[in-house]
Structures are given as C-alpha cells and as structure tokens.
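# Structure at a glance
Letter by letter, the chains look like this.
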Amino acid sequence: MPKSGKVKFYAVRRGRQPGVYTTWEETAKQVIQFPGAVHKSFSTYQQAERWSGVSGRAERSPDSTYLTSQKHWRARHNSPPRCRPSSPLPQAKAKSATIHPHFPPEHSATGQSAGDPPLSEQQARILARILNGESFFFTGSAGTGKSVLLRAIIKAFKEREREEDENVETHWRDYLNDDGLGARGRGSRESRDREKPTAVKRWKLGVTASTGMAGVNIGGSTVHSWAGVGLGDLPAQKLYEKILRNKITATRWRTTGALIIDEISMIDATLFDKLEEIARKVRHDPRPFGGLQLILSGDFFQLPPVAKGSNTYAFAFEASSWSQIFNRDKNNITSLTRVFRQKEDHFVRILEGMRRGLISDEDVILLKSLERQVEYEGGIEPVGLYPQKSEVATINAARLGALTTPVQIFLAWDVPGVTSSGYALDQTQATASLDRNTIWPKELELKVGALVMLVTNMQDGVLVNGSTGIVVDFMTLADAMAEGISSPAAAFGGAPNPETAWPVVEITPVKHASGKHSKRVIIPSMSVDVLNAQGKPEATRYQVPLILAWALTIHKSQGQTLERVKIDLTKIFVEGQTYVAISRAVSLENLELKNFTPDRVMAHRRVIEWARPFEQEQADEEQWDDLVTNCDLEGY
Ligand SMILES: Nc1ncnc2c1ncn2[C@@H]1O[C@H](COP(=O)(O)OP(=O)(O)OP(=O)(O)O)[C@@H](O)[C@H]1O
C-alpha cells in the first residue's frame, strides 16, 4: 500500500460487512463491486473503529498479519508473536525516511543522476539487489520514484561497465600473452589453467523501453530495436534467424549482462515470450532469458499495451515465461510504496483507490467539486490534458491564433545518423524517427503570451521536463545575460547562433518544493538524440525544447509531474487513463477536473487480480518489519 504516512487498518463504513480490516485483500472483498461502498485507511485501530461506526467486529486475521515472515517464525513458535508489555510504542517508520545509501565497496551505488533527489531507503535496497545481479521488477503507483531509481541504476551500471572494460582488457592481455606464446601455445601450467575471459560482460547494460519516447527519456532505445526484432510480429524462430543474420545484433544479445525494459506495462505477453525464447537460443544458454539479468520497471495500472487488429492483448505478466523469472520464491517483484509527487495524504489515498478502479462516494463529491476555474497569480494557466491527439492540436492552434503578438517560428535542424546495423538514415527517415520518438517539435510557433512546457531536464534540478511558463519576450543570449535573465548551463551545450532571438519564459513558481521560485529564463536551441541499440545517435534534433501547453495528450504526459493541471475526462477510452492523467497533478488545489464521473475510473480486472497477492504479501512483510523493528518480541 503506497503511503505518505503509514497505513495499517482499513475501516469499511458501507460495504458487505462493515468493520475494520487489517489487509487490503479482506477489505476489497467487502467493497469491490458493492454499490456506494465507503472505506478509509488509518494508522491506528482505534481511529479506524471510531470512523467505521462499528465496534467489536474487527476482522483481524493473524494469518494475514504475519504472512510472509511467519514461515520463519512458525518454524520455532506455535503462536503469533506479541510485543512485550514494556516494549516502546511503535516509532514513526524509519524506512520511509530519505537516506543516503551505504553499501560495501563492491556493491557501492553512487546514486542518482544530476538533479535527482537522493534515493530513499527502499529505492536504495532495490538498487543494491540489482547490483548483486538479480533479475528484478519494480513497480509502484505514479510518483513513487520509479524513473528516479531507473536513472540511478543506469548510472551505477555505466560506472561498473567502465571498470569492467578495463579489467577485461587486462585479463585478455594476460590470457593471450602468457609465456609470450599465448594460452593457445604450449604455455605453463599456470597459463593453461587461466580462465578464458567470458564473452558476457556482467555490467554491459541494454537500456530500453516499450516505446520510443520512453526510451529517449532514459537515454536508450526501444526494446524492439535493441533486440533486432522490428515490430516483433514474425514467429520467434523467424526472428531468431533474422538476428543471426545480423552479426552486430547477435553479438549485442551475447555480450550483454543485463537488460532494462522501462514502461513494461506496454509490452504484450506474446512479445515477452518471443524475446525470452530468442535470448535462450542466441545466447546458447538454457536458463530463462538465456541467463540475462532482466530489470523491468513500470506500472500495469497505467497505460496497457497498444491493442493491434484483434483489439485484444495480454499483459507481460501473463506471458508463460514471466513466472520463471519473477515469482514469490525469488521475491523479486517490489512495489515502491512512498509517493513523492503528491504531499497530501488525502490525495494520495484517492489516487490509490483510483489506481484499482475504486472510488468512494465522498471522493466522487470531492472530485466533482474540482470542476471550477482556479485563478493563479501572474496569470500562468494550467496545462490541459486530453485523451485525444486531434483535440490537442485544435486547442493549441486556436489559442495561439487568438494572441495578437507577432509569431516567431523555430525550425528544427535534424541530423541523420546510423541505425545499429550500420544503415545510414536519410533526412526524411531521420525526421520521421525524431517525430515518432520524441516530443520535440519539427516546427515550433511561438508568440509572446504563449503557454509553454519544457520537454527536457536542464540538469540544474530546478527546470525539469514538465516545467511550464509563459513566453514573455524573445532575446539574444547576450542581451538576456546583460539583463540578468538566467540561462540554464545546459543551454550552452548546443552552441546556439548568437544572432538569434530565443524565447524568454516566465516559469511557473513551484509551490510544493523548497528553494524553487518563479523566474525568467532564456531557452535557446538544444539537442535531443534518438539512439540506436548501440547507444549511438540514429538521429539528432536541434530545437528549442518547448511545446505549446494549453493542451497535451494524456499519453504524452505519462511520466511527468505537473504543478497546475486542467483535465477534461469526457473522451477517456482506456483503463488507467484517468489515473495517469490525475496522478500528474501535485495537489488537489491546483487541479481542475472537467466532466468527472465514477465510471471514468477504470482499472483492468486482470491487473487487479494479478497485483493483489504480491502487494498483500509485501504489505504484510512491511508490517512484520515494523513489528520486529518496534517491538521487543516475546518468544525469541
Ligand atoms: N527518493 C526521493 N526523494 C524525493 N523525491 C523523489 C524521490 N524519488 C522520486 N522523487 C520525486 O518524485 C517525483 C516522481 O518521481 P518519478 O517520476 O521517478 O516517479 P514515477 O514512479 O516514475 O512516476 P510515474 O509512474 O508517474 O512516471 C519526481 O518529482 C521525483 O523527483
């Protein structure tokens, strides 16, 4: 159960059997599909009982309370553990505090990329397990820091890979040059015994995602391109043969130690199984995924795989090979539980219910009350989120057209590169790839007064992907500096033309983070790469990293944190869409919601059923951890 505070007791006021429950599984039985169900979570039993209005009917189940670690407990005891009467009261949960991780040198995690916050204890623990070579799937509600953790993992692997490259080079030199003849020669006993360096590099990491845009966001490619499977439509055997014909792709499969796939919720089961089979065959290794360490990230409650022709899809967790890699025995699925994006407990709780398709009557009333216009000081409007592309284009064009100030057009400069198989793209292909895989526009029309959103991180930790503002002027870099207008350090990376007048943007003040203020910045041209599977640019676009922000598709907003949001839910058409949209907002105060009705809250039934046991088990384990941390246990 995600928490900004600690949640332990579920009070059901209206449901099949009102009362207090200690597990979500029991609670869900009372409220799911019960018309008008009302429930709420509390950190103490007394509060929950009072709120439920039902006394003496608590369904406290010892079995569920001590589920996972009780295996260990029961090996020695006949009864569940109890705190000694003299034991101190439970403390605030230490594990939700932010800490700087400490690891032994061989597993040191140097942490997050520039501008990211330090990892929480839970994020750091997952990083440590991944650096120990375990395949791992980390999931979690929106805003629990999956992307932050992923960036830290990539950074740690890159550092290790550099060290490993140096070691492998030395190892080969020793292996080949021993006795001056090489190990293939007559060499000494020592040289014959020397182990041949392995082809697989443990720290060589494939950085991929299910979509091009998600891939660009983490500095990787699509998993399709990395794997050399094109659209992945052919049978596995045909794809395998295709890969063998391409030496570079086959070598990539064979030498990689670990593979990241981000936004795994959008990969369907058939592709997952095909990749697994290909991995075994290409790597000549019978283990699942050919022994490749798999690092998956994503949230199945968010956007599902894109349905093709038949309009049906199966989730990756329904793939037949999934449970060979991720299962209870390995304990290698973890849900990040602390929500960082939203600070209000109440909002976090509403989102948590919504993620599972649940909404109480009280919360419906609250969400309906958000259909109002929020007045912001300084007049910077919220970003509008809509389900459909066509709506977005119309709204932005109309709003820009209504401004009477002169238009400034910034044309992107696209530079073709090469694909991972060495094929040089032409100009049209490069532009098509950039349009498909990035949100950066080919042609950007701006006017003073336009609402814009930044589409890249500025590495300063202040201006981030998703920051919004209003264009207030156009200036050369020199003039802006003379006027004291700040220019992000990253802005100089693209060596922009000194004669060009670039947009000056008044950035929305960030209310919910300390040390951040409204400010004017000049945003010159910068660059974005679509990388091929070898990490080299397949195409590069130089452009001002802004888009019009009166309207944005919910799809493109995935992964973003938005300070001021306006959402129209009229045309919601897929499970998870309402949740993705609303969870972009950081506060209820700065959220405008149009046309909210409970039926817009849809979660996929198969995802709910799949997630329940492991989320339950994790919640129980955390309760267990609390118990042993906070209690002086009797019986040991
Ligand atoms: N350990 C942390 N300490 C403080 N803030 C954090 C931490 N981890 C993440 N955050 C912040 O929480 C917000 C959401 O993080 P992030 O985008 O990584 O979440 P996510 O789980 O990937 O969300 P989504 O599923 O919506 O894409 C960001 O503003 C990020 O800086």
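Residues numbered from 1 in each chain as written. Predicted model: local features only at pLDDT ≥ 70, side-chain atom pairs only at ≥ 80, totals over all residues. Heavy atoms only, no water.

By the naming in an unreviewed UniProt entry, the protein chain is ATP-dependent DNA helicase PIF1, taken from Kwoniella newhampshirensis. For the record of the protein chain, the UniProt heading Subunit (unreviewed entry) holds the text "Monomer." Of the comments in the UniProt record for the protein chain, the one headed Catalytic activity (unreviewed entry) reads "ATP + H2O = ADP + phosphate + H(+)". (UniProt positions renumbered as here; feature names shortened; annotations may be inferred.)

### Observations regarding the sheet that holds strand 20 (residues 546–548)
Taken in spatial order, the 5 strands make up an open sheet running 17-16-15-14-20, and their pairing is antiparallel. Edge strands, defined here as strands with exactly one partner in the open sheet, are strand 17 (519–522) and strand 20. With strand direction ignored, the average angle separating the axes of adjacent strands in the sheet is 45 degrees. Looking at chain direction, strand 14 (residues 451–454) and strand 15 (residues 468–475) are connected through 3 bridges and run antiparallel. Each residue of the ladder has a partner; that of Met453, found in strand 15, is Thr468. (Pairing = 2+ DSSP bridges. Helix = DSSP H or I, 4+ residues; strand = E, 2+ residues; numbered from the N terminus. Axes fitted to C-alpha atoms, helices over the stretch in contact; angles between N-to-C directions.)

### Structural notes on a nonpolar patch on the surface
There is a patch of nonpolar side chains on the surface, built from Val407, Ile409 and Leu411 and spanning about 280 Å² of accessible area. Tracing the sequence through the fold places Ile409 in strand 11 (residues 408–411). (Patch = residues over 30% accessible without salt bridge, like charges linked within 9 Å, V, L, I, M, F, W, Y side chains within 5 Å. Areas by Shrake-Rupley, 256 points an atom, 1.4 Å probe, with all protein chains shown as cover. Salt bridge = Lys/Arg side-chain N within 4 Å of Asp/Glu carboxyl O.)

### Some points on the site of the ligand
Surrounding the ligand, one finds 19 residues, the nearest of these being Gln123, Gly143, Lys146, Ser147 and Arg584. For the ligand, an oxygen atom lies 3.0 Å from a polar atom in the backbone of Val148. Between an oxygen atom of the ligand and a side-chain N or O atom of Arg341, the distance comes to 2.9 Å. For the shell around the ligand, the leading source of residues is helix 6 (residues 146–177), giving 3 residues. (Near = heavy atom within 4 Å. Polar contact = N/O pair within 3.5 Å; in protein donor to acceptor, adjacent residues only side chain to side chain.)

### Observations regarding the packing of aromatic side chains
Under the defined criterion, the tally for this structure stands at 19 aromatic pairs. Between Phe137 and Trp322, the ring centres sit 5.5 Å apart and the planes meet at 75 degrees, which makes this aromatic pair edge-to-face. With Phe137 in strand 4 (residues 136–140) and Trp322 in helix 13 (residues 322–325), this residue pair connects regions lying 185 residues apart in the sequence. Both residues of the pair, Phe137 and Trp322, count as buried. (Phe/Tyr/Trp six-rings, centres within 6.5 Å; stacked < 30°, edge-to-face > 60°. Buried < 20%, exposed > 50% of the residue type's maximum accessible area, 1.4 Å probe, protein only.)

### Structural notes on the side chain of Ser297
One can find Ser297 in strand 8 (residues 293–297). Apart from residues no more than four positions distant in its own chain, Ser297 is found in contact with Phe137, Phe138, Lys146, Leu150, Ile261, Asp262, Glu263 and Ile264. (Contact = heavy atoms within 4.5 Å.)

### Let's talk about the packing of helix 11 (residues 247–255) against helix 12 (residues 269–282)
The N-to-C vectors of helix 11 and helix 12 enclose an angle of 90 degrees; their axes lie 9 Å apart at closest approach. With respect to helix 12, the element helix 11 is oriented roughly perpendicular. For the pair formed by helix 11 and helix 12, the contact residues are Ala250, Trp253 and Arg254 on the first element and Leu275, Ile278, Ala279 and Val282 on the second. Of the residues assigned to the contact of helix 11 with helix 12, the class counts are 6 nonpolar, no polar and 1 charged. (Parallel < 35°, antiparallel > 145°, perpendicular 65-115°, else oblique. Nonpolar A, V, L, I, M, F, W, Y, C, P; charged D, E, K, R; others polar.)

### Some points on the pairing of strand 9 (residues 333–336)
Here strand 9 shows a buried face lined by Ile333 and Ser335 and a second buried face lined by Thr334 and Leu336. Note: strand 4 against strand 9, 4 bridges, orientation parallel. In the strand pairing of strand 9, Gly140 is matched with Leu336.

### Some details on the pairing of strand 8
A large share of strand 8 lies buried, amounting to 5 of its 5 residues. Because side chains alternate across strand 8, one face comprises the buried residues Gln293, Ile295 and Ser297, and the other comprises Leu294 and Leu296, equally buried. Bridge count for strand 4 against strand 8 is 3 bridges, and the pairing is parallel. From the neighbouring strand, Phe137 faces strand 8, where its bridge partner is Leu296. Here 4 bridges tie strand 7 (residues 256–262) to strand 8, and the two strands are oriented parallel to one another. Bridge assignment links Ile261 to a residue of strand 8, and that residue is Leu296. Handedness of the crossover is the feature at issue here: the chain leaves strand 7, passes through helix 12, returns alongside strand 8, and the resulting connection is right-handed. (Right-handed = clockwise from strand over helix to strand, strands pointing away.)

### Topic: the sheet that holds strand 19 (residues 537–543)
Strand order in this open sheet of 3 strands is 12-19-18, and the pairing throughout is antiparallel. Every interior strand has two partners, whereas the edge strands, strand 12 (413–416) and strand 18 (526–531), have only one. With direction set aside, neighbouring strand axes in the sheet form an average angle of 15 degrees. Where strand 12 meets strand 19, 4 bridges bridge the pair, whose relative direction is antiparallel. Bridged to Pro416 within strand 19 is Ala539. The strands touched by helix 17 (residues 427–437) within the sheet are strand 12, strand 18 and strand 19, with strand 19 carrying the most contacts at an inclination of about 75 degrees.

### Examining the confidence of the model for the protein chain
Interpretation of this model should avoid reading the predicted coordinates in detail wherever pLDDT is low. When the pLDDT values of the protein chain are averaged, the result is 78; 73% of them are 70 or greater. Model confidence for the protein chain, summarised as mean pLDDT per element, is weakest for helix 3 (residues 62–65) at 30 and strongest for strand 8 at 97. Every residue in residues 55–77 scores below 50 in pLDDT, and together they form 49 contacts with partners more than four places removed in sequence or on other chains. Predicted confidence for residues 632–636 stays below pLDDT 50, and this span has 20 contacts to residues more than four positions away or in other chains. (pLDDT = per-residue confidence, 0-100.)

### Considering the pattern of salt bridges
All chains considered together, the criterion is met by 17 salt bridges. One salt bridge in this structure joins Asp299 and Arg355, with 2.8 Å as the shortest N-O distance. Of this pair, Asp299 sits in the loop between strand 8 and helix 13 while Arg355 sits in helix 14 (residues 345–355); the two residues are 56 residues apart in sequence, bridging distant segments of the chain. By relative accessible area, Arg355 is classed as buried at 2%.

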